[in-house]
Amino acid sequence: MDKQKIFTTVLRSAGFVSAAMAVTGCADQGYSVLASTATMIGVEVSQNPATQMPQGKLGYNRAELAFVPTNRNGGKQSVGSVGAGAADSANVLMELRYGGIFDMGASSGIYQRLAVGTEAVKQPGASVMFAKDADGKINQETAKALAAVKAIPEVKEDLEKKKMPLSKKYNDYKNNKDASSIAKYDNAAKAVDPGYLTFGKFATDDQATPDKIKAVCQILKSQGENVNCD
Amino acid sequence: MTQVKRIDLSQVADLDSTIKAVCENMDTDNYKLAATFVFQSQLVMIFQQ
């Protein structure tokens, strides 16, 4: 058996062992999320037998496979799922950096950063980890930029979505130049907080509380607007 | 006039509808989305009146 055949045999054996482990070790597991990445690098220098000219080939091969278990245990009607089922899949944040096959400098090589789980992905530590450069350091400019960006008011998803139906109607009235309806919305915002000179000042305010949003909505509803204030 | 908003991409559940909601709300005061960029896990949106 030549070296190539021995290598192939070993590789196949390793594959069978891995497959067997995957089947037996995860036999009790339900549905999984399958994540995989692959990259290739290789170098071949040889002489072309036809032209006698030297030739070179470059490539890189890398494979990665991950089974992320979920709480889902069947189809939509399954009674075996736990908690929220597939919605409980772990959040994954991953960064893979490769300097390139011609990179011989300080940035050469490969590194990977990985955060798994809802808390790991959300916590500030994950942001810091991903802010580091290839050497694992945060340079001063990056730190300053990160601090500056964090100082910008963060959008509150739920509040923006609560204001949106009102804003959509208001914008429709503006587009149709419906002055009386526009005034109705402006007055509703002003009634809840005199600081809101127009409905627009209320809708663009990051500090508008859920109570204020509901109050504006209820005033408009009491005046005949077809809005849902729940 | 310029206003800047930030969405933490690791916190938001539905990015598409959140961006639409922010743009609709900002439009009530005549702010239009002028530019966006992503820094780390933060989406920064720049609105101009």
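Treat the numbers as computed from the prediction; the structure is a model and nothing was measured. (Residues numbered from 1 in each chain as written. Chains lettered and ligands numbered in written order. Predicted model: local features only at pLDDT ≥ 70, side-chain atom pairs only at ≥ 80, totals over all residues.)

Caption draft 1: A look at the overall build of chain B. Each helix and strand in chain B was counted, giving one helix and three strands. Counting helices and strands in the order they occur from the N terminus, chain B gives β-α-β-β. By residue count, 31% of the 49 residues in chain B fall in the buried class. A sequence separation of at least 24 residues applies to 44% of the contacts in chain B between residues at least 6 apart. (Helix = DSSP H or I, 4+ residues; strand = E, 2+ residues; numbered from the N terminus. Buried ≥ 20, exposed ≤ 12 C-beta atoms within 10 Å, placed from the backbone. Contact = placed C-beta atoms within 7 Å.)

Caption draft 2: Just the interface of chain B and chain A, in detail. Taken together, the 26 residues of chain B in the interface contact 26 residues of chain A. Elements with a contribution of two residues or more to the side of chain B that touches chain A: β1 (2-8), α1 (15-27) and β3 (42-48) of chain B. Per-element accounting of the side of chain B that touches chain A gives the leading share, eight residues, to α1(B). A per-class count over the side of chain B that touches chain A returns ten nonpolar, ten polar and six charged. (Nonpolar A, V, L, I, M, F, W, Y, C, P; charged D, E, K, R; others polar.)

Caption draft 3: Focus on helix α5 (residues 157-175) of chain A. The first and last C-alpha atoms of α5(A) sit 26 Å apart over 19 residues, in line with the 27 Å expected at 1.5 Å per residue. At M164(A), α5(A) shows its largest bend, some 35°, and a proline, P165(A), comes one to four positions later. Of all the residues in α5(A), the buried ones are E160(A), K162(A), K163(A), M164(A), L166(A), S167(A) and Y170(A). Looking at the packing, one finds that the buried side of α5(A) touches α6 (179-192), α7 (199-203) and α8 (210-222) of chain A together with α1 of chain B. Downstream of α5(A) by one or two residues, K177(A) has phi in the positive range, about 55°. (Expected span 1.5 Å × (residues − 1). Bend = angle between axes of the 7 residues up to and from the residue.)

Caption draft 4: Highlighting the nonpolar core. Grouped together as the largest cluster of nonpolar side chains are 15 residues, with contacts concentrated most on Y185(A), A188(A), A189(A), F199(A), F202(A), V216(A) and L220(A). Residue contacts for L220(A): discarding those within four places in its chain leaves L166(A), K184(A), Y185(A), A188(A), E225(A) and V227(A). In terms of nonpolar packing, the next biggest core, distinct from the first, is built from nine residues, M164(A), A21(B), M45(B) and F47(B) among them. (Core = buried A, V, L, I, M, F, W, Y, C linked by C-beta atoms within 7 Å.)

Caption draft 5: Structural context of α6(A). Residues and elements named next belong to chain A. Here α6 is 14 residues long and its end C-alpha atoms lie 20 Å apart, about the 20 Å a rise of 1.5 Å per residue gives. Taken together, the buried positions of α6 are Y185, A188, A189 and V192. Taken down its axis, α6 places every buried residue within 95° of arc, on the same side. The exposed residues of α6 that point more than 90 degrees off its buried face are A179, S180 and A191. Of the surrounding secondary structure, the elements contacted by the buried residues of α6 are α5, α7 and α8. (Arc of directions from axis to C-beta.)

Caption draft 6: Broad picture of the environment of C23(B). Residue and element names in this part refer to chain B. Structurally, the position occupied by C23 is in helix α1. With 18 C-beta atoms counted inside 10 Å, the residue C23 sits in the partly exposed group. A sequence separation of ten residues divides C23 from L33, and the C-alpha atoms of the two residues are 6.9 Å apart.

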